[in-house]
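A closer look at the structure
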Amino acid sequence: MFRYANPTRFMALTSVLLPWTIALTVVSFAAGLYGGLFTAPPDYQQGETVRIMFVHVPAAWMAMAAYSFMALASLVAIVWKHPLADVAAKSAAPIGACFTFLALVTGSLWGKPMWGAWWVWDARLTSMLILFFLYLGYIAIWQTIEEPIRAGRIAAILAMVGFINIPIIKFSVEWWNSLHQSASIIKVGGPSIHISILWPLLVMITAYTLLFAVLLMLSMRSEVLKRRIRSIRIAKVEGFG
Amino acid sequence: MKLSADKLCCARGGRPVVSELSFSLSSGDGMMLSGPNGSGKTTLLRAIAGFGEITGGELHLDSLKDTDELSQACLYIGHHNAIKPQLSVQENIDFWASFGGGDVAAALASFSLEPIKDVPASMLSAGQRRRVGLSRLALAKRPVWLLDEPATSLDKASTKTLSQLMQSYLDEGGILIAASHTDFDITLNKNLVLGDQGTAL
Amino acid sequence: MKLSADKLCCARGGRPVVSELSFSLSSGDGMMLSGPNGSGKTTLLRAIAGFGEITGGELHLDSLKDTDELSQACLYIGHHNAIKPQLSVQENIDFWASFGGGDVAAALASFSLEPIKDVPASMLSAGQRRRVGLSRLALAKRPVWLLDEPATSLDKASTKTLSQLMQSYLDEGGILIAASHTDFDITLNKNLVLGDQGTAL
Amino acid sequence: MNEFMAVLRRDIKLAAAQGGGLGMAIGFFLIVVSLIPFGVGPDLNLLARVAPGILWIALLLSVLLSLDRLFQADYEDGSLEHLVVGRAPLEFIIVAKVLAHWITTGVPLIMATPILGFFLNLEPDAFGILVLTMLIGTPALNFVGAAGAALTVGIRRGGLLLSLIVLPLYVPILVFGVSAVQSSMLGPDGSMQTMMILAAFTLASAALAPIAAAAALRANLR
Amino acid sequence: MNEFMAVLRRDIKLAAAQGGGLGMAIGFFLIVVSLIPFGVGPDLNLLARVAPGILWIALLLSVLLSLDRLFQADYEDGSLEHLVVGRAPLEFIIVAKVLAHWITTGVPLIMATPILGFFLNLEPDAFGILVLTMLIGTPALNFVGAAGAALTVGIRRGGLLLSLIVLPLYVPILVFGVSAVQSSMLGPDGSMQTMMILAAFTLASAALAPIAAAAALRANLR
Ligand code: HEM
Ligand SMILES: Nc1ncnc2c1ncn2[C@@H]1O[C@H](COP(=O)(O)OP(=O)(O)OP(=O)(O)O)[C@@H](O)[C@H]1O
Ligand SMILES: Nc1ncnc2c1ncn2[C@@H]1O[C@H](COP(=O)(O)OP(=O)(O)OP(=O)(O)O)[C@@H](O)[C@H]1O
Ligand SMILES: [Mg+2]
Ligand SMILES: [Mg+2]
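It should be emphasised that the depicted structure is a prediction, and the values quoted were computed from it without experimental measurement.

Procedures and definitions
Residues numbered from 1 in each chain as written. Chains lettered and ligands numbered in written order. Predicted model: local features only at pLDDT ≥ 70, side-chain atom pairs only at ≥ 80, totals over all residues. Heavy atoms only, no water. Helix = DSSP H or I, 4+ residues; strand = E, 2+ residues; numbered from the N terminus. Rg over C-alpha atoms; globule rule 2.2 N^0.38 Å. Buried < 20%, exposed > 50% of the residue type's maximum accessible area, 1.4 Å probe, protein only. Contact = heavy atoms within 4.5 Å. Areas by Shrake-Rupley, 256 points an atom, 1.4 Å probe, with all protein chains shown as cover. 1 Å grid on protein atoms, 1.4 Å probe; cavity = no way out; pocket = protein on both sides within 12 Å on 5 of 7 lines; lining within 4 Å. Points joined across faces, edges and corners; volume = space filled by probe spheres on them. Nonpolar A, V, L, I, M, F, W, Y, C, P; charged D, E, K, R; others polar. Buried area = accessible area lost by both parts, 1.4 Å probe. Salt bridge = Lys/Arg side-chain N within 4 Å of Asp/Glu carboxyl O. Polar contact = N/O pair within 3.5 Å; in protein donor to acceptor, adjacent residues only side chain to side chain. Phe/Tyr/Trp six-rings, centres within 6.5 Å; stacked < 30°, edge-to-face > 60°. Expected span 1.5 Å × (residues − 1). Bend = angle between axes of the 7 residues up to and from the residue.

Before going further, it helps to examine the overall build of chain B. Secondary structure assignment for chain B yields six helices and nine strands. In terms of overall size, chain B behaves like a compact globule, its C-alpha atoms giving a radius of gyration of 17 Å where 201 residues would be expected to give roughly 17 Å. In terms of overall dimensions, chain B has a C-alpha envelope of 45 × 30 × 30 Å along the principal axes. In chain B, which comprises 201 residues, the share counted as buried stands at 58%. Excluding contacts between residues fewer than 6 apart, the proportion of contacts in chain B whose partners are at least 24 apart in sequence is 68%. Accessible surface, chain B: about 7,600 Å² in total, of which carbon and sulfur atoms supply 49%.

This is the structure:
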């Protein structure tokens, strides 16, 4: 498997990049949390609970972004058979699942004061739940199939098929006019929220993205190592016959 | 020890397959069961092992008469190998040993399975799988062996190992019936050739 | 017609199994593939048939290079017989004929299956099943045959039929690779012996 | 085209030869639906209210369960390899198999729906529209399910993994199927639009699922 | 006893080795429950009302689905024959297999129930009693299911046939399980009696099902 030079270069590159990215992540989390918790004004309707937004919105975004990343990496893996694309897609899944879980939990924490219930069966919430299930299915594929190449192909096809859910989540609010907030940052005619809320939110989004990058690099590195160990182990039992 | 059949008739799926077979094997006797495809070799072996419909005649092992005890006295190795693909070779043998007794190391040694003992059984080739299945022979001590085409997929070396195992079992006083289309490296002292209609020729 | 492999390497489950095999077969050549259990015979045959990971080297049939077209030129008969137990022998063969072309009567005749043509396949013995599987050989006209232990469970008469079928196929200019641990009644003009490490000896 | 018809005919024959293969999915459907009153209680109004949803969900589960053997049997007995290297494109063969499956299980299930609707006290007016939405929507279930079945072929415990993969993708079909029935209860042409969306799902899945399934089968045969 | 432990340990190991075999039944359970609101609509009061029934039905289906391979795998690979003629009585072996199955799927399913109850807006007071009734009742599901699995082993489409045979037998367990939860919502000790009946079911099935299963397995091996 690792006749490829690529993973080796990847290991070298990430070992340089990692400390810097970690530092940046910490800094931007500090800035974002400070902005979110202290400088941003409480909402005139929602009061202090609005601050959950700074945890919730980036988590929800990253949940979708991680899936899109996974689908894209899967496409690369299928079309160009790049060995790292496979590793990247596999490593992104548990991270994305965690972000999804975080969005679900923070959302329902927020839902209690806002809607009076922890959970409502609203289109956006439910499609988010389904995204969580898709992540679980994807992870289950990797766990069930032992042969890495076959598992990689199967998982990649699944990731691409499941990508259909992403636009459904994104536009579910408009299609089913739900309880949930509709898009206010990315929309025609520019963002519709106040700058004092917008900047901490943007910083938090940056911080989450960096966190994703850090976790992804770490878990890709361990996956590369795991595959090396596997191939060494297999090579050791080689002469059986 | 004496295994004897008297005018034994067996059916498969309700259809009479083997009719009026009589034979008698004492300790140390090995019987080669041959005959064209569909003549009833598998049916007979399964019937002795306790998985068949005996429709007539009698089957005895000493004083045991086709009961559970008789089938417990037999070690039947059929077309399937009873291997769990998720478990490694060693784990498979471990289970058999803890279920029916026997020494795992000896079983691993018998068909030189040590080099592949940690490989999951799903990754074995056809012959390797058969070898794992046959390693039960070195595990359980049962007075009667019933082997249905044991040498399927085995390479030359393993076929020889099998023959040696059979020989030493016979020398120790075991009773053995083996169905096969090809000869083993050893000659068994008895022969039963089934005809097309499941009768002895 | 020429089937040639040049330093072919194949993997199974991500693990390199067969390495650097080279051979070249022209019309009328039959190659006997042998080697100990786990040496990679099945892996090689599957790779040629299009179900393998070819990790290096090249495989050509005339100008076709390991593509779908190459695998369509092959008739691969593996360890499984591709029989539907719910259908009768004839219905099974009917389906193959309507799927891949060929004459049902000829296929039934090849391994003398007429007497059992209306029996549901679930009620066949191991050797009868194998015969039904092998009757495909008389059905489809493909330029390359890949046979993986074709004689498993066959009785003497059927083994002979198989050898004759192989011989007449070669006489007609077919290319054939057969993996087996035992010899056929005919001798194939080429030989490839795999060693433990999946390299040619 | 020859190959297509050969596979179609064989699969229908196999389903019939299974001695009750046809009846079994319906049996499951019947029983799941008849468990509902035990679980939910015998309140007729409540039952009528949940009926379209329950019927759709039961249909979906029945389709799913019978789908898990769609390719598995062919895989286990070695037929799949021959189907894959046949002259006809694999995508065609897959469509033939899905079609055979829809004819032998989908259609009987839909036929059974009115009887079950009656048990659940569904308004008789809704019967027609329920059957119609199911006729339009179930092929999508079969196609998406086939892709899932191809992904999990040859995997131990594939059945449950299949559910995990496929059920999330069934959600949109379920949502539109149920909402078509419900909006028809409100007015005559309220359901036209949702019906169109369902039809679009069916067409899209018929176009895409065979491609995904073929790729998955090829990958699983290595 | 040796044999009992050997089988118990092996089956647990197999479930774990399946890499997610454990998680899969839970996955199915999760998804079936989350389909319900799509079918039934998002009305929280309605959901809360049907929640105990739906959870029980979903649990029942999940157990059933994972049961269908209980003996099938052993049958297909030839292990079953060896288990049957072992020195330990076959009934013991069956109990060991059922126990292993309950530990590896029943228990995790029950653990997942509170989360799902939360989604369905079930009253938090009812959680404890729901889990308790399930703990008492699920072994009965497993034992009865094992008898069904033994009856259908080696039969094509056994899975669906199994549902047909077993689901009717599950009805009483379902009825008492749900009514125990519902009566507990009314008063503290309203559920005691139904709980006792559930326990009786479990004990009776533990005593009888292995005998039936053993007989069925022997018959199916001929
Ligand atoms: C478990 C419950 C919840 C889930 C699963 C959830 C999910 C999501 C998702 C997926 C997004 C990203 C939307 C997009 O990019 O278009 C999002 C954004 C957002 N959510 Fe939630 N949410 C939940 C609860 C809530 C609650 C209770 C509130 C407060 C009323 C809320 C307020 C928002 C806001 C303000 C945004 C940003 C919208 C934008 O600017 O694009 N969410 N949520
Ligand atoms: N599905 C699989 N996944 C991974 N490795 C496998 C798989 N099947 C076989 N192998 C390994 O590949 C090697 C070659 O196996 P192969 O089946 O080609 O051997 P073979 O020569 O056909 O042996 P036999 O004579 O026993 O049939 C073996 O070492 C085997 O352990
Ligand atoms: N499950 C079954 N149900 C009904 N009949 C069967 C069944 N299995 C085999 N038979 C029939 O019983 C007869 C004997 O079969 P059996 O398997 O004993 O033959 P065999 O001598 O072992 O043949 P082979 O050399 O092919 O293994 C055959 O005619 C076969 O068709
Ligand atoms: Mg036989
Ligand atoms: Mg082989």
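For the structure on display, the rule yields nine cavities of 30 Å³ or more. Computed from the structure, the largest cavity encloses a volume of approximately 140 Å³. Lining the largest cavity are 17 residues, with Leu75(C), Arg136(C), Arg142(C), His82(D) and Val85(D) positioned closest to its centre. Contributions of two or more residues to the lining of the largest cavity are made by strand S6 (74-77) and helix H3 (89-100) of chain C together with helix H5 (79-84) of chain D. Tallied by class, the residues present in the lining of the largest cavity amount to 10 nonpolar, four polar and three charged.

Residues and elements named next belong to chain C. One non-glycine residue, alanine 82, lies in the positive phi region at around 55 degrees. Residue placement: alanine 82 occurs in the loop between S6 and H3. Alanine 82 gets classed as buried once you look at its relative accessible area, which sits at 4%. Unusually for a residue other than glycine, serine 153 sits at a positive phi of about 70 degrees. As for its placement among the helices and strands, serine 153 is situated in the loop between strand S7 (144-148) and helix H6 (156-171).

Turning next to the interface of chain E and chain B. Counting residues at the interface gives 26 residues for chain E, matched by 24 residues for chain B. Among the residues chain E hides against chain B, the three largest losses belong to His82(E), Val85(E) and Arg222(E). Together they make up 27% of the total. At the boundary of chain E with chain B, the tally comes to four salt bridges. Summed over the shared surface of chain E and chain B, the number is seven residue pairs in polar contact (both at pLDDT 80 or more). Contributing elements (two or more residues each) for the side of chain E that touches chain B: helix H1 (2-17), helix H4 (72-76), helix H5 (79-84) and helix H9 (192-221) of chain E. The element that contributes the greatest number of residues to the side of chain E that touches chain B is H1(E), accounting for eight residues. Residues of the side of chain E that touches chain B, tallied by class, amount to 10 nonpolar, six polar and 10 charged.

Residue and element names in this part refer to chain B. Within this structure, the stated rule accounts for 20 aromatic pairs over all chains. When the ring of phenylalanine 51 is compared with that of tyrosine 76, the centres are 6.0 Å apart and the planes differ by 55 degrees; the resulting orientation is tilted. Here tyrosine 76 lies in strand S6 (residues 74-77) and phenylalanine 51 lies in the loop between helix H1 (41-49) and strand S4 (53-61), a separation of 25 residues in the sequence. Like phenylalanine 51, the residue tyrosine 76 is buried in the burial classification.

Turning our eyes to something else, we now look at the interface of chain E and chain D. Counting residues at the interface gives 37 residues for chain E, matched by 37 residues for chain D. Where chain E meets chain D, there are two salt bridges. The residue Arg49(E) makes a salt bridge to Asp43(D) at a minimum N-O spacing of 2.7 Å. Here the side of chain E that touches chain D takes 12 residues from helix H2 (residues 21-40) of chain E, the largest share from any one element. Across the side of chain E that touches chain D, the residue classes break down as 25 nonpolar, eight polar and four charged.

Residues and elements named next belong to chain D. Between the first and last C-alpha of helix H7 (residues 124-151) there are 40 Å, a value that for 28 residues agrees with the 40 Å anticipated at 1.5 Å per step. When the local axis directions of H7 are compared, the greatest deviation, roughly 35 degrees, occurs at glycine 137, which is followed within four positions by the proline proline 139. Burial runs high along H7: 22 of the 28 residues are buried.

Scope: geometric values only; no functional claims are made or implied.
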